[in-house]
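If you want the building blocks of each chain, they are given just below.
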Amino acid sequence: MIKAVLYDAKEYDMPSFEHYGKMHDVQFRFLETKLNEDTVDLAKGYDAVCVFVNDTVNAAVIEKLYEYGVRLIALRCAGYNNVDVQTAFGKVHVVHVPAYSPYAVAEHAIALLLASVRRIHKAYNRTRDFNFSLSGLTGFDFHGKTVGVIGTGKIGRIFIDICRGFGMKVIAYDRFPAKDSGIDYVSLDELFERSDIISLHCPLTDETRHMIGSEAIGQMKKGVVIVNTSRGGLVDAEALLEGIKMRKIGAACLDVYEEEADIFFEDRSGHILNDELLARLISMPNVIVTSHQAFLTEEALNNIAETTVNNILSCFENDGICDNELCYRCGNIERCKKERKEKCF
Ligand code: NAI
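Here is what the cut-offs are and how they apply
- Residues numbered from 1 in each chain as written.
- Predicted model: local features only at pLDDT ≥ 70, side-chain atom pairs only at ≥ 80, totals over all residues.
- Heavy atoms only, no water.
- Disulfide = S-S within 2.5 Å.
- Buried < 20%, exposed > 50% of the residue type's maximum accessible area, 1.4 Å probe, protein only.
- Helix = DSSP H or I, 4+ residues; strand = E, 2+ residues; numbered from the N terminus.
- Phe/Tyr/Trp six-rings, centres within 6.5 Å; stacked < 30°, edge-to-face > 60°.
- Core = buried A, V, L, I, M, F, W, Y, C linked by side-chain atoms within 4.5 Å.
- Domains from an automatic or database assignment.
- Contact = heavy atoms within 4.5 Å.
- Axes fitted to C-alpha atoms, helices over the stretch in contact; angles between N-to-C directions.
- Left-handed = near helix turned anticlockwise from the far one by under 90°.
- Nonpolar A, V, L, I, M, F, W, Y, C, P; charged D, E, K, R; others polar.
- Pairing = 2+ DSSP bridges.
- Parallel < 35°, antiparallel > 145°, perpendicular 65-115°, else oblique.

Draft legend 1. Layout of the state of the cysteines. Counting across every chain of the model gives one disulfide. Across the disulfide, C315 is cross-linked to C322 (sulfur-sulfur distance 2.0 Å). Take C315 and C322: they sit in the same class, and that class is buried. With no disulfide of its own, C50 lies closest to C77 among cysteine sulfurs, the gap being 8.7 Å. Judged by relative accessible area, C50 falls into the buried class, the value being 0%.

Below, the structure written as C-alpha cells:
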C-alpha cells in the first residue's frame, strides 16, 4: 500500500482519486489546505504528496519533504512552474500529468472568446431581467479575422484547428516551432502587430513571464482580444488593465490570474476582495474571468486521477522509469523528458 497525501483537495477531484487509488492500492488522504511551508508537516509519514497548481513547492518545502522521507511529488496538472524542480533533483522525484484533456482547455478558450465577442454574458443577465434591448451587444465575425496563437503544443494546436473551422486566419509563435505542421509561424513582434485575437498556450517560465506587458500591448492592434487560459504570470495584469482603460484592448478573457493562488477555487462571495487589481479587472465590461476552470471536464478529471495513480505506481517500482517524471538532470526538463529511459536519479 502506497500512502499519498493530496493537498488542496476539492469535492470534484476526490471521487476519481478514490476510485483509481482503490483499484491500485494507493491510499489517499485528502486535505483541503494547500501545501506550503506552514502545512508541509502534514506530509510526515506519507510516501508521496499530490499537489495542484496553487500549492507552493519551493526549496524550503522540498527540503522538509525530503527530511520526512517523502519520495515523490505528484503534480495532478501539466504546468510545473510552482515546483522548484532544481532543488528536488536528487532528493524527491517529481511527476506531472502532461495531458489530461487538451480539448477541455482549448474548448474553454473558445467558449470565453465567443461569450466575450458576442456579449453572451451581458445578454444572459439582461434577458433574465426581461431586458431585451440589443444596445451595446454588437460583436464581430470570427470569420476572416487573424488569430495569433502563442505556444503550439497540445492545447495550442487544438485551438488552432477550432479557429480554422471558424474561417479565421491563424498565425503562431512558438520558441520551438513544430516542423511540417503547416502552421504559419511568425515572430512575436509580427504576431502582436497583426492579430485581432491573441491566445496564450505556452508555459510560464522566466522567459515568458509578463510576455504580455505594456511594450507588447503597445505593439498590438486597437481592439485586440486577449485570451489567457495558460498561466496568469504570462500577462502583466497592471499593464492589461491600463490597456483596457486606454481602449487599446477590446476585451480580455482570463481563466488564470497571476495572484490567483489564494483566491481562485474558493467561494469568496460575501467577502471583500483584497486584490484591487483583480476587482478592477472584473468590474470592466469587456473582461470575463473564470477561476482556472478550463480543465474542468469529466474526461479530464478521470484522466488526471488515472495518470497520477499510474505515475505514483511506476515511481515506487524499483526498476524502470518514473512515468512522466520532470527530470532536472541535464537542466533541460523538456529534453530530459523525451530522452531519458530511466529514473532521473
Ligand atoms: P505543451 O507542452 O504541449 O505545449 C506548450 C508549447 O509552448 C510547446 O509547443 C512549447 O514549445 C511552447 N513554448 C515553450 N516555451 C515557449 C516560449 N518561451 N514562447 C512560446 N512558446 C513556448 O503544453 P500544453 O498541454 O499545450 O499546455 C500549455 C499550457 O496550458 C501549460 O503550460 C499550462 O500552463 C496551461 N494549462 C492550463 C490549464 C487550465 O485549466 N487553465 C490546464 C492545462 C494546462
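Draft legend 2. Quick peek at the environment of I155. Its place among the elements puts I155 in helix α6 (residues 154-165). Taking the relative accessible area as the measure of exposure, I155 reaches 25% and is therefore partly exposed. For the pair I155 and P102, spaced 53 residues apart in the sequence, the C-alpha separation amounts to 4.8 Å.

Draft legend 3. Examining the packing of aromatic side chains more closely. Enumeration according to the criterion identifies eight aromatic pairs in this entry. Aromatic pair F89 and F345: ring centres 5.9 Å apart, planes at 85°, arrangement edge-to-face. Placement of F89 in the loop between α3 (85-88) and β5 (93-95) and of F345 in the segment after α12 (333-339) is noted, with a sequence separation of 256 residues between them. Seen from their ring centres, F140 and F142 are 6.5 Å apart, and the 50° between their planes marks the pair as tilted. Relative accessible area serves as the criterion here: at 28%, F140 is assigned to the partly exposed category. When its relative accessible area of 6% is taken as the criterion, F142 is described as buried.

Draft legend 4. Main features of the nonpolar core. Counting 87 residues, the largest nonpolar core has V49, I73, I212, M220, L240 and L281 as the members making the most contacts within it. For this core, the leading source of residues is helix α11 (residues 298-316), giving eight residues. Counting contributing residues, this core receives three or more from each of domain 1 (2-100 + 297-319) and domain 2 (102-289). With sequence-adjacent residues up to four places away left out, L240 is seen in contact with I217, I226, V235, I249, A252, L254 and L281. Formed by 24 residues, the second largest nonpolar core is a distinct cluster that contains A109, I183, V227 and C253.

Draft legend 5. Up close: the packing of helix α9 (residues 237-245) against helix α10 (residues 276-283). At a minimum axis separation of 10 Å, α9 and α10 run at an interaxial angle of 35°. When you trace α9 past α10, the crossing you get is left-handed. The segment α9 lies against α10, with A237, E238, L240, L241, I244 and K245 engaging L277, R280 and L281. For the contact of α9 with α10, the residue count by class is six nonpolar, no polar and three charged.

Draft legend 6. How the structure looks around unusual backbone geometry. Even without being glycine, R119 reaches a positive phi, approximately 55°. Secondary-structure assignment places R119 in the loop between α4 (102-117) and α5 (120-128).

Draft legend 7. Up close: the sheet that holds strand β4 (residues 72-75). With parallel pairing, five strands are arranged side by side in an open sheet as β2-β1-β3-β4-β5. Two strands lie at the open edges of the sheet, namely β2 (26-30) and β5, each paired on one side alone. Between one strand axis and the next, the sheet turns through 25° on average, direction left out of account. Direction of pairing for strand β3 (residues 48-51) relative to β4: parallel, over a ladder of four bridges. The residue of β4 that forms the bridge with V49 is I73. On top of the sheet, helix α1 (residues 14-23) reaches β1 (2-6), β2 and β3; it is set at about 155° to β2, its chief contact. Packing of α11 onto the sheet brings it into contact with β1, β2, β3, β4 and β5, and relative to β4 it is tilted by some 160°.

Draft legend 8. Spotlight on the packing of α4 against α6. Running from N to C, α4 and α6 cross one another at 50°; their axes reach a closest spacing of 8 Å. On the basis of the axis angle, α4 is oblique to α6. As α4 packs across α6, the resulting crossing turns out to be right-handed. Along the contact surface, α4 presents P102, Y103, V105, A106, E107, A109, I110 and L113, while α6 presents K154, I155, I158, F159, I162 and C163. For the contact of α4 with α6, the per-class residue count stands at twelve nonpolar, no polar and two charged.

Draft legend 9. Focus on the environment of L204. Turning to its location among the elements, L204 is positioned in the loop between β8 (197-200) and α8 (214-219). Overall, L204 belongs to the buried group, its relative accessible area being 12%. Residues L204 and L281, 77 residues apart in the sequence, show an inter-C-alpha distance of 21 Å. Aside from chain neighbours lying at most four places away, what touches L204 is N81, R209, R231, G233 and L234.

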